[in-house]
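Coordinate inspection notes
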Amino acid sequence: MLWIIFMLLLFISSMEMLTQNRWKKQASAGLLENCTGCVLCSEDNGCITCHHRLFLLIWRDGIRQYGMCVHTCPPGYFGVRGLEVNRCTKCRSPSCESCFSRDFCMKCKDKFYLHKGQCFRQCPPNTVVQPGTRECQEMCEPGPWSKWSACTHEGRTCGCKWGVETRVREVPGTAQEEGAACPALLETRKCRMRKHCPGGEHHTA
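Remember, predicted model here, so these are calculated numbers, not experimental data.

What counts as what
Residues numbered from 1 in each chain as written. Predicted model: local features only at pLDDT ≥ 70, side-chain atom pairs only at ≥ 80, totals over all residues. Heavy atoms only, no water. Helix = DSSP H or I, 4+ residues; strand = E, 2+ residues; numbered from the N terminus. Buried < 20%, exposed > 50% of the residue type's maximum accessible area, 1.4 Å probe, protein only. Contact = heavy atoms within 4.5 Å. Areas by Shrake-Rupley, 256 points an atom, 1.4 Å probe, with all protein chains shown as cover. Core = buried A, V, L, I, M, F, W, Y, C linked by side-chain atoms within 4.5 Å. Lys, Arg positive; Asp, Glu negative; His and termini not counted. Salt bridge = Lys/Arg side-chain N within 4 Å of Asp/Glu carboxyl O. Phe/Tyr/Trp six-rings, centres within 6.5 Å; stacked < 30°, edge-to-face > 60°. Lys NZ or Arg CZ within 6 Å of the ring centre and 35° of its normal.

**Observations concerning the overall build of the protein chain**
Each helix and strand counted, the protein chain has two helices and 14 strands in total. Relative to its full complement of 205 residues, the protein chain shows a buried share of 27%. The contacts in the protein chain between residues at least 6 apart in sequence include a share of 32% that link residues at least 24 apart. As presented, the protein chain carries roughly 15,300 Å² of accessible surface, and 57% of it is formed by carbon and sulfur atoms.

**Remarks on the nonpolar core**
In this structure, Phe78, Cys91, Cys96, Cys99, Cys105, Cys108, Phe112, Leu114 and Cys119 together form the largest nonpolar core, which totals nine residues. Secondary structure elements with two or more residues in this core: strand S7 (96-101) and strand S8 (104-108). Core analysis: the next-biggest nonpolar cluster, separate from the first, contains eight residues, Cys38, Cys47, Leu54 and Leu56 among them.

**Considering the side chain of Arg169**
Examined against the element boundaries, Arg169 turns out to sit in the loop between strand S13 (162-168) and helix H2 (173-177). Of the side chains with opposite charge, Glu187 lies nearest to the buried Arg169, which makes no salt bridge, at 5.9 Å.

**Digging into the packing of aromatic side chains**
All told, the structure shown has one aromatic pair when counted by the stated rule. Cation over ring: Arg189 sits above Trp148, and NZ or CZ is 3.9 Å from the ring centre.

Below you can see the structure in the form of C-alpha cells.
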C-alpha cells in the first residue's frame, strides 16, 4: 500500500515539473517576441526601458502591468518625451481617440462630438456640427440688417430695366475669432431701375 502511495506522489511531482518546464519555455518565447526595442526587459513585466526613439507603453490588467516599446502610441494615448524615458500616456476621457494632453482631446471616438478639447454625445447648446466632421462649432448671432443699397446694374443706377440691390449685417468680433458657424451675412434681390437717365448716364461712386 505504501509503495502505491509513493509511486502516485512521484507521478504527481513529475507532472508538475513537466508543466512548469513547458510554461517556462512558452514564457521565454513570448519574452523574446515582446522585448523588441527594449533596453531592459523583465519576464514578468515586459519592457522596462526602451531605446531613446521609442515610447514605453504600459498595459494594465487588474493589478498586473506589462510594458512594450512602440514607435507610435496607440489610439487613446499620447506620447510624452522625457530625459530618461519616452512614455505613452493615456487620455483621461475614455471617449477620446487622440489627445494632445491628458485633458485636451483632438479626435473623439465614433458617436461622440469634439468641442474645445472635450468629447460629447451631442453638441452643446449654441453649437452646431461642422459639415463633414464630428466637431461642434459655436453659433453666432449677427446684428441687424442694413438698409438696402441703391439699385444698380454694372455700376449704373439708371439706363436699364432691372438691377440688383444688397444689404449686409455684421457679426460680433468674438464669434469671428472663434470661427463660429454663422447664417447668411449678405442678401441680394432683383430691383427695377429707371430706364431713362435724366441728363445722360451717371455711375455710382
